[in-house]
Amino acid sequence: MRTSALQIEHLMVNYEKSCILFDICLQVPQGQLVAILGPNGAGKTTFLKSTLGLLKPLSGKVSFLGDSFKKMRSQIAYMPQRDSIDWDFPMSVLDLVLMGCYGRLGLFRRPSKSHRAEAMHCLEKVGMQNYSSRQINQLSGGQKQRIFIARALMQKATLFFMDEPFSGVDQSSEQIIMNTLQELKSQGKTIFVVHHDLAQVQRSFDWVILLNHSLVAAGAVADVFTEELIERAYGKKQQLFDQASQLVTTKTQGYCAK
Amino acid sequence: MTFLEFFTDPLLRGPMLGAIFICMSTSVISVFVYVQKRTLVGETLSHATYPGVLLAALFTLLFGGTEPASFVVVPCAFVAAFFGLWLINRITRKSAATNDSALTFVLASFFAVGITLASVIQAVAPATFQKIRLFFYGQTASLGDLQIISYALFLLSIVLVVSLFFKEFKLLLFDRAFTRLTTPYFALFDSLILCLIVFSVVLAMKSVGVILVSGMLIGPAVAARQYTHSLVKMFILSALFGAFSAFFGNILSLYLSDRFLISLPTGPTIVIIAQSIALFSLFFAPKRGVFFRKVRVALFRFKSMQENLLKFLWAQKAAQPFSALSSRLGISALFLRIILWDLSRKAWVTFDQGYLLTQEGKKRGGHIVRLHRLWELYLVKDFHVSADKVHKSAEQIEHILTPELEKELTQFLHNPLSDPHNQPIPSRAEVSYAE
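Just so we're clear, the structure is a prediction, and the values are computed from it rather than from any experiment.

**Student:** Can you break down the overall build of chain B residue by residue, with the values?
**Tutor:** Along the backbone of chain B there are 21 helices and two strands. For chain B, the C-alpha radius of gyration of 32 Å lies well beyond 22 Å, the compact-globule estimate for 435 residues. Here the C-alpha coordinates of chain B stretch approximately 100 × 60 × 40 Å along the principal axes. The buried share among the 435 residues of chain B stands at 40%. Counting contacts in chain B only where the partners sit at least 6 residues apart, residues at least 24 apart contribute 72% of the total.

Structure, rendered in structure tokens:
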């Protein structure tokens, strides 16, 4: 059997004593387009960040293609949420894409002409080659997401982690991003995408990680998209549980309820 | 005094070259501070050195000295600054306080401790206090060859570090999370930036003073940012602004004391010049400055008015008197005169018992009408806006639509002949003109 793209054992994340992610165990096979799904505040971004070690989990073991993050660093591409970026930063679109190869280059070496050509090629893939010398702020929402996709492509990774690449994009951008992801998949890459759109996930994704603080389900789309599981992640029952658990934390920590 | 003498004269070269080198150094570092949006860090660290300097004076007194030596003051300032840094980190991590409140807390409390110490020393040993004061406000005149060399070395090492690790710094400044994932030595570069800030604050003590160095850690970068979208250029510009401020700060204070017997302290003068450059740039930078934005708005308004006039004349059969134009456009007589002067200069409008369009003017006026009516049709046809509500939007867009958009609209609407109000749309051939 091939090693899993991602294996997580007992991942727990707390933030100021309240539990964000509770005891998550899962395995994802290689070559899948994986959606990380769940209602607002369910801990999707936290899941992504703690998996990559950007947030320190309370406990848990994560392995990428059977190895630790440190060993697999060069095989992992990451795309942050659009809002977390300082768009006024003095930098051109091409510069941003070139950042994708910095990890490969290591210390001291600089991007060469061939890297520039490569970056242009990545921009072409997302239809942004005509914008290469623009300041990054002079782009629309969808275009901003596309240049970040180009940077991720530039990383030449096997595993891709993308935080909401579809948020705030226009239709044509959405199509371009989706095509790019499909192409990556056809090359055997595994792509993890934090997503909101249930319908699109059902249509175009292979695998789903359904979260609501704890793992509701993880598996092939057909197995996870059942009424019962979706209801458990999004429905009334879950809300009641959430409220109760929040009350527990406020009471036991002696905070005043708002 | 010749220009070269500023750099060779044994008395003048210390303040001049020393100030230029240290100001260039702080200006390069100011780019880090500015792009990371951590301007408060410079401010806080400079205030954090304050009690350190005073402790140095206290030690000197305790050991029987009167004049605090640099080799005592500088290490003490370092320790104080790093202690401040450690405290900021500690507070942000261990409490619910935000980074900003931790910074202000450290700034205020260290400064308060400093002032308390200062008043003690002033009471006990006024002579020592006079000496130590120089470190707060700087005394550029006291810079000698030793400072030239040490500042030059500092500048050199900063330039070396920044150019060697440019891509790492760029990545770190822009996208921390991404840097953590891709760069194994992430934390090292992060601390390196903070160390550079501390070093520049402490080293700049003798030239511009601990308090004012925070100005040099903001101004040059703010100014540089207004002129460029590239980080490399920003570093270079910022360093140039720093050098410029140092040079003219020196010249100005020398000149004023020479000619008018006004003795301006050089350090503060340098800072004032640097901040003035920043302020000037915020207003007058060609692309980002407020002033030229207003100018562009005014130019657009002027062009719109001209086009409105052309449009009006286009629709008239007879020549129009000045009063008719004035009441139609509703602008001041002077403004209208200027517009008409410009239009006749371009030979689009002539005067023959009233104003009328030339052949060229007719094309221009017809073109505006064409854009107006195309837009109206587009809104009605594709957005289902009712025909009586589209005029206002078209009044604005007619001045804005580019030839490319016009072409697209024409194709999109299948080269239409009349607008929603059944008015004819002038054809492209009829109104096309050479630019």
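On we go from here.
**Student:** Summarise the overall build of chain A; cite the residues concerned and give the values.
**Tutor:** Secondary structure summary: chain A contains eleven helices and nine strands in total. Split into buried and exposed, the 258 residues of chain A put 40% on the buried side. Expressed as a percentage of contacts within chain A between residues at least 6 apart in sequence, the contacts between residues at least 24 apart total 69%.

**Student:** I'd like to hear about unusual backbone geometry, residue by residue, with values.
**Tutor:** Positive phi values are uncommon outside glycine, yet F108(A) reaches one of about 70°. Residue position: F108(A) is located in the loop between α4 (102-105) and α5 (113-125).

**Student:** Please set out the packing of helix α2 (residues 13-35) of chain B against helix α13 (residues 231-259) of chain B residue by residue, giving values where relevant.
**Tutor:** Any two packed helices are characterised by how steeply their axes cross, that is the angle between the axes, and by the distance between the axes. Residues and elements named next belong to chain B. One way to put it is that α2 packs onto α13 with a least axis distance of 7 Å and a crossing angle of 150°. On the basis of their axis angle, the class for α2 and α13 is roughly antiparallel. When the axes of α2 and α13 are compared, the crossing they make is right-handed. Counting all contacts with α2, which are made through P15, M16, A19, I20, C23, M24, T26, S27, V28, S30 and V31, the residues of α13 involved are M234, F235, S238, A239, F241, G242, A243, S245, A246, F247, G249 and N250. Grouping the constituent residues of the contact of α2 with α13 by class yields 15 nonpolar, eight polar and no charged.

**Student:** Give me the domain arrangement of chain B: which residues, what numbers.
**Tutor:** With domains assigned, chain B is organised as domain 1 (5-288), domain 2 (292-357) and domain 3 (361-431). The C-alpha centroid of domain 2 of chain B is placed 56 Å from the C-alpha centroid of domain 1 of chain B.

**Student:** Before we move on, could you go through the interface of chain B and chain A and cite the residues and values that matter?
**Tutor:** Opposite the 18 residues of chain B that make contact, chain A presents 17 residues. Here the side of chain B that touches chain A gets five residues from one element, more than from any other, and that element is helix α9 (residues 176-182) of chain B.

**Student:** Account for the packing of helix α3 (residues 39-62) of chain B against helix α5 (residues 99-124) of chain B, naming residues and giving values.
**Tutor:** All names here are of chain B. The contact between α3 and α5 brings their axes to 8 Å, and the two run at 25°. It follows from the interaxial angle that α3 and α5 lie roughly parallel. Between α3 and α5 the crossing geometry is left-handed. Among the residues forming the contact of α3 with α5, the class breakdown is 20 nonpolar, three polar and two charged.

**Student:** Run through the pairing of strand β9 (residues 214-220) of chain A, naming residues and quoting values.
**Tutor:** The side chains of a regular strand alternate between both faces of the sheet. All names here are of chain A. Summarising the sheet, strand β8 (residues 207-212) and β9 pair through six bridges and their orientation is antiparallel. By the bridge assignment, N212 is partnered in β9 with S214. The antiparallel pairing of β8 with β9 creates a hairpin that spans one residue between the two strands, and H213 there sits at a positive phi of about 65°.

**Student:** Could you give an account of the environment of A97(B), with specific residues and numbers?
**Tutor:** Along the chain, A97(B) falls in the loop between α4 (70-94) and α5. If sequence neighbours within four positions are ignored, A97(B) has contacts with I91(B), T92(B) and A102(B).

**Student:** Hey, could you go over the pairing of strand β5 (residues 76-79) of chain A for me, with residue numbers and the actual values?
**Tutor:** All names here are of chain A. Every second residue of β5 is oriented toward a common face, with I76 and Y78 on one face and A77 and M79 on the other, all of them buried. Bridging between β5 and strand β6 (residues 159-162) involves four bridges; their strand directions are parallel. Each bridged residue has a counterpart across the sheet, and for Y78 the counterpart in β6 is F161.

**Student:** Talk me through helix α7 (residues 145-164) of chain B; I want residue IDs and the actual numbers.
**Tutor:** Residue and element names in this part refer to chain B. Between its first and last C-alpha, α7 extends 28 Å over 20 residues, near the 28 Å set by a 1.5 Å rise per residue. Of the residues making up α7, those classed as buried are Q147, I148, Y151, F154, L155 and I158. Projected onto a plane normal to the axis of α7, the buried residues spread over an arc of 135° and lie on a single side. Residues D145, L146, L153, L156, L160, S163 and L164 are exposed on α7 and point more than 90 degrees away from its buried face. Contact partners of the buried residues in α7: α2 and α10 (186-203).

**Student:** Before we move on, could you go through the confidence of the model for chain B and cite the residues and values that matter?
**Tutor:** Residues of chain B with pLDDT of at least 70 account for 99%, and the chain-wide mean is 87. For this predicted complex, the interface confidence comes out at an ipTM of 0.84, alongside a pTM of 0.82.

**Student:** Requested: an account of the nonpolar core, with residues and values cited.
**Tutor:** Proteins that are soluble and globular tend to have nonpolar side chains buried together. Judged by nonpolar contacts, the single largest core of 158 residues is most densely connected at V34(A), I36(A), V97(A), A150(A), F160(A), V208(A) and V53(B). The contact partners of I36(A), leaving out residues within four places of it in the chain, are K44(A), F47(A), L48(A), F192(A), V193(A), V194(A), H195(A), I209(A) and L211(A).

**Student:** Requested: an account of the environment of Q75(A), with residues and values cited.
**Tutor:** All names here are of chain A. Mapped onto the secondary structure, Q75 falls in the loop between α2 (69-72) and β5. Sequence separation of Q75 and F160 is 85 residues, and the distance between their C-alpha atoms is 8.5 Å. Those residues in contact with Q75, other than ones at most four positions away along the chain, are F64, L65, A157, T158 and L159.

**Student:** An account of α10(B) is needed here, citing residue identities and associated values.
**Tutor:** The first and last C-alpha atoms of α10(B) sit 26 Å apart over 18 residues, in line with the 26 Å expected at 1.5 Å per residue. Close packing links the buried residues of α10(B) with α2, α3, α4, α7 and α11 (213-216) of chain B.

**Student:** Talk me through the environment of S200(B); I want residue IDs and the actual numbers.
**Tutor:** Residue and element names in this part refer to chain B. Tracing the backbone shows S200 in helix α10. Residue classification places S200 among the buried residues on the basis of 27 C-beta atoms within 10 Å. Separated by 158 residues in the primary sequence, S200 and G42 have C-alpha atoms spaced 9.5 Å apart. Ignoring anything within four residues of it in the chain, the contact list for S200 reads S25, T26, I29 and V213.

What counts, and where the lines are drawn
Residues numbered from 1 in each chain as written. Chains lettered and ligands numbered in written order. Predicted model: local features only at pLDDT ≥ 70, side-chain atom pairs only at ≥ 80, totals over all residues. Helix = DSSP H or I, 4+ residues; strand = E, 2+ residues; numbered from the N terminus. Rg over C-alpha atoms; globule rule 2.2 N^0.38 Å. Buried ≥ 20, exposed ≤ 12 C-beta atoms within 10 Å, placed from the backbone. Contact = placed C-beta atoms within 7 Å. Axes fitted to C-alpha atoms, helices over the stretch in contact; angles between N-to-C directions. Parallel < 35°, antiparallel > 145°, perpendicular 65-115°, else oblique. Left-handed = near helix turned anticlockwise from the far one by under 90°. Nonpolar A, V, L, I, M, F, W, Y, C, P; charged D, E, K, R; others polar. Domains from an automatic or database assignment. Pairing = 2+ DSSP bridges. Expected span 1.5 Å × (residues − 1). Arc of directions from axis to C-beta. pLDDT = per-residue confidence, 0-100. Core = buried A, V, L, I, M, F, W, Y, C linked by C-beta atoms within 7 Å.

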